[in-house]
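Each chain is listed here by its residues.
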Amino acid sequence: MSDEEHQFESKADAGASKTYPQQAGTIRKSGYIVIKNRACKVVEVSTSKTGKHGHAKCHFVAIDIFNGKKLEDIVPSSHNCDVPHVTRTDYQLIDISEDGFVSLLTENGNTKDDLKLPTDEALLAQIKDGFGEGKDLVVSVMSAMGEEQINALKDIGPK
């Protein structure tokens with residue numbers, strides 16, 4: 001019909017959502033929730049009774065999984081909350097560069113070089129000391145909502 005060529009913009013992601021909806025009343029302690037656009041782990045949930053007019057409300061106290069800040073939110077229990085897709089992946093540590101980035105070995109043999117060292121002082125010291133001693137270290141990387149951070153360390157023995 002038409003001789004024009006159509007241009008479609010391609011996006012880098014596969015269109016997968018960073019969050020999924022879940023009813024507030026079903027979110028429990030140690031689950032995950034999005035508060036103020038941050039992925040958080042729930043540390044406390046309290047539910048108020050319904051009033052004369054209105055809904056029961058859920059009061060969430062949660063800790064940001066990347067920066068450790070405490071956040072709170074109150075949501076009617078029948079409403080939906082965003083819950084982040086949180087994944088944890090283990091990588092073997094290959095190298096630490098001078099500018100604070102780490103080089104990690106993925107399961108399929110490729111390297112991942114876009115992660116910074118963690119900001120947590122104790123974990124940072126453990127990683128640097130273990131790497132300095134030449135130990136084989138496996139770091140656990142948590143990712144949610146487009147953010148990634150090293151959050152744990154395992155020693156799998158000497159090289």
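Structure: see above.
Computed from a predicted model, the values in this text were never measured in an experiment.

1. A closer look at the overall build of the protein chain
Right, on to step 1. Within the protein chain, the regular secondary structure consists of 1 helix and 11 strands.
Right, on to step 2. Written out in order from the N terminus, the α and β elements of the protein chain read β-β-β-β-β-β-β-β-β-α-β-β.
Right, on to step 3. In the protein chain, which comprises 159 residues, the share counted as buried stands at 33%.
Right, on to step 4. In the protein chain, the proportion of contacts linking residues at least 24 apart, taken out of those at least 6 apart, comes to 47%.

2. Comments concerning unusual backbone geometry
Right, on to step 1. Backbone geometry places K36, a non-glycine residue, at a positive phi of 50°.
Right, on to step 2. Tracing the chain through its elements places K36 in the loop between strand 2 (32–35) and strand 3 (38–47).
Right, on to step 3. Residues other than glycine seldom take positive phi values, yet M145 does so here, at roughly 50°.

3. Description of the sheet that holds strand 4 (residues 57–64)
Adjacent strands of a sheet form backbone hydrogen bonds with each other and so pair up, either parallel or antiparallel.
Right, on to step 1. Overall, antiparallel pairing links the 4 strands, which are arranged 2-3-4-5 in an open sheet. Each of the sheet's edge strands pairs with one partner strand only, and the pair in question is strand 2 and strand 5 (70–76). For this sheet the average axis-to-axis angle between neighbouring strands, irrespective of direction, equals 45°.
Right, on to step 2. Taken together, the 7 bridges between strand 4 and strand 5 define a ladder with antiparallel strand orientation. Its bridge partner lying in strand 5, H59 is registered against I74.

4. Describing the state of the cysteines
Right, on to step 1. Scanning the model with the defined rule gives 0 disulfides in all.
Right, on to step 2. Considering cysteine sulfurs only, C81 is the nearest to C58, which forms no disulfide, with 7.4 Å between them.
Right, on to step 3. Exposure remark for C81: the relative accessible area of 8% places this residue in the buried category.

5. Here's the deal with the environment of D120
Right, on to step 1. Structurally, D120 can be placed in the loop between strand 9 (111–116) and helix 1 (121–132).
Right, on to step 2. By relative accessible area, which is 43% here, D120 ends up partly exposed.
Right, on to step 3. Sequence separation between D120 and G68 is 52 residues, and the spatial gap between their C-alpha atoms is 9.5 Å.

6. Thoughts on the nonpolar core
Right, on to step 1. With 14 residues, the main nonpolar core has L93, V102, L104, I127, V139, V141 and I150 as its most contacted residues.
Right, on to step 2. With residues up to four places along the chain from it excluded, the contact list for V102 reads L93, D95, I96, K112, D113, L115, L117 and I150.
Right, on to step 3. A24, I27, F60 and V83 belong to the second largest nonpolar core, which has 13 residues in total.

7. Considering the side chain of S140
Right, on to step 1. Locating S140 in the fold gives a position in strand 10 (residues 135–144).
Right, on to step 2. Among the residues examined, S140 registers a relative accessible area of 4% and is labelled buried.
Right, on to step 3. A distance of 3.4 Å separates the side chain of S140 from the side chain of R88, its partner in a polar contact.
Right, on to step 4. S140 has contacts with R88, T89, D90, Q149, I150, N151 and A152, leaving out every residue within four places of it along the chain.

About the criteria used
Residues numbered from 1 in each chain as written. Predicted model: local features only at pLDDT ≥ 70, side-chain atom pairs only at ≥ 80, totals over all residues. Heavy atoms only, no water. Helix = DSSP H or I, 4+ residues; strand = E, 2+ residues; numbered from the N terminus. Buried < 20%, exposed > 50% of the residue type's maximum accessible area, 1.4 Å probe, protein only. Contact = heavy atoms within 4.5 Å. Pairing = 2+ DSSP bridges. Axes fitted to C-alpha atoms, helices over the stretch in contact; angles between N-to-C directions. Disulfide = S-S within 2.5 Å. Core = buried A, V, L, I, M, F, W, Y, C linked by side-chain atoms within 4.5 Å. Polar contact = N/O pair within 3.5 Å; in protein donor to acceptor, adjacent residues only side chain to side chain.

Function cannot be inferred from these measures alone, as they are strictly geometric.
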